[in-house]
Amino acid sequence: MTNSISGGSPIEASGAEPTIVLILGCGWLGMALAHRLVAAGHRVLGTTTSPENIAGMAAAGIEAHLLQLGTSFTASAEALLLRLLTQADVLVLNVPPRAAAAGAYPTLLRPVHRAVATAGTRHVLFVSSTSVYPTEAREMREADAISTRDAASDILRAEGHFVPRYGQWKSTVVRLGGLIGPGRAPGRFLAGRRDLSQGNAPVNLVHLTDVVGVLAAIIKHAVWGHTFNVCAAQHPLRRDFYPAAAQYLKLESPTFKDECEATGKTIDSSLVRSLVPYQFEHDDVLAALPYC
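Draft legend 1. Representation of the overall build of the protein chain in the model. Helix and strand content of the protein chain: eight helices and eleven strands. A compact globule built from 292 residues should have a C-alpha radius of gyration of about 19 Å, and the protein chain, at 19 Å, falls within 12% of that. Evaluated residue by residue, the protein chain yields a buried proportion of 52% over its 292 residues. Across the protein chain, every contact between residues at least 6 apart in sequence was considered, and the portion connecting residues at least 24 apart equals 76%.

Next comes the structure, spelled out in structure tokens:
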């Protein structure tokens, strides 16, 4: 993927026509992004796998559609996806790897790749994960994991499908740290567990507010052609952070084994901060606990 910002004017709701954004996967993150884009004046199309979510999405101003990938992906679903992509200026691909069986994530997304190519979609924003990086005790930058169609990692192979070989569309990949925010309080993650390992590993977390802010800024300012790590700047150790997070919720603190060696990767997010005009609100993840 090239490291250059695409030419042309930024995509934003002010000025000419509002951007039409299709969010494939309106779950916890997708809905928060949709709310932000609707409030900014964009027309937002959204998909969900759950019929019970349709009414809430519609009430939020989202044009809601049921769409199931995988074995339930029918010819009518393919036609719907193609129709939605034909309308959209930007596809936000927000389908988590857990939606697929082990080893099947690239296969799950293959129909989306075909539809993007057929529809002539101009921009793809691929929501990925920092789990693509090896668990080595060092800083991890974007170049430490390359997305190709024959990569060993399922997620990297899936990313590779949406990095166009011949410039058919412009794409940006965002690799997110562990998500925290309303409904995902980190104090619950390990509360009450005993003798955990990797206490000396840093945490690599990011608040929902900052993820939504980065994604919206990429769309608004047309920051295409990149892979970005999106993570809070501060990385306290697990043995310090998770007991504090549990205590904040008045839950039993986890305990960690006595280990001397440093373990675990540290996600470097300096590139997104240098190229995307967004100011992070929750770089101090301990200070972010009241906002989760």
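Draft legend 2. Looking closely at the environment of G27. As for its placement among the helices and strands, G27 is situated in the loop between β1 (20-24) and α1 (28-39). Note on G27: relative accessible area 36%, which makes it partly exposed. Along the backbone, G27 and G46 are 19 residues apart, and their C-alpha atoms lie at a distance of 9.9 Å.

Draft legend 3. Just helix α3 (residues 75-87), in detail. Taking 1.5 Å as the rise per residue, α3 with 13 residues should run 18 Å; its terminal C-alpha atoms sit 19 Å apart, in good agreement. Taken residue by residue, α3 has A77, L80, L81, L84 and L85 as its buried positions. Burial along α3 is one-sided: seen end-on, the buried residues are contained in an arc of 130°. Exposed residues lying more than 90 degrees from the buried face of α3 are A75, S76 and T86. Structurally, α3 contributes buried residues whose contacts are with β1, β2 (43-48), β3 (63-66), β4 (90-93) and α4 (105-119).

Draft legend 4. Here's a closer look at helix α5 (residues 154-161). With respect to burial, α5 is a largely interior element, seven of its eight residues being buried. Taken residue by residue, α5 has I155, L156, R157, A158, E159, G160 and H161 as its buried positions. Buried residues along α5 sit in contact with α4, β5 (123-129) and β7 (170-176). The distance from a side-chain oxygen at the start of α5 to the backbone nitrogen of I155 is 3.2 Å, and the residue carrying that oxygen is S153.

Draft legend 5. Quick peek at the sheet that holds β7. One open sheet accounts for seven strands, arranged β3-β2-β1-β4-β5-β7-β10; its pairing is parallel. Edge positions in the open sheet fall to β3 and β10 (227-230), since each of these has one partner strand only. The mean angle between the axes of side-by-side strands here comes to 20°, regardless of whether they run parallel or antiparallel.

Draft legend 6. Spotlight on the pattern of salt bridges. Summed over all chains, the structure comprises ten salt bridges. The residue R122 makes a salt bridge to D89 at a minimum N-O spacing of 2.9 Å. On the criterion of sequence distance, the pair formed by R122 in the loop between α4 and β5 and D89 in the loop between α3 and β4 is long-range, its members being 33 residues apart. Residues participating in the shared-partner salt-bridge network are E136, R138 and D144.

Draft legend 7. Examining the environment of A40 more closely. Mapping A40 onto the fold places it in the loop between α1 and β2. As for A40 and T19, which are separated by 21 residues in sequence, their C-alpha atoms are 10.0 Å apart.

Draft legend 8. Molecular detail of unusual backbone geometry. Even without being a glycine, D195 presents a positive backbone phi close to 50°. Its identity as a non-glycine residue notwithstanding, A222 has a phi of 55°, on the positive side. If you trace the backbone, A222 turns up in the loop between α6 (208-221) and β10. Since its relative accessible area comes to 5%, A222 is described here as buried.

Quick notes on the rules
- Residues numbered from 1 in each chain as written.
- Predicted model: local features only at pLDDT ≥ 70, side-chain atom pairs only at ≥ 80, totals over all residues.
- Heavy atoms only, no water.
- Helix = DSSP H or I, 4+ residues; strand = E, 2+ residues; numbered from the N terminus.
- Rg over C-alpha atoms; globule rule 2.2 N^0.38 Å.
- Buried < 20%, exposed > 50% of the residue type's maximum accessible area, 1.4 Å probe, protein only.
- Contact = heavy atoms within 4.5 Å.
- Expected span 1.5 Å × (residues − 1).
- Arc of directions from axis to C-beta.
- Polar contact = N/O pair within 3.5 Å; in protein donor to acceptor, adjacent residues only side chain to side chain.
- Pairing = 2+ DSSP bridges.
- Axes fitted to C-alpha atoms, helices over the stretch in contact; angles between N-to-C directions.
- Salt bridge = Lys/Arg side-chain N within 4 Å of Asp/Glu carboxyl O.

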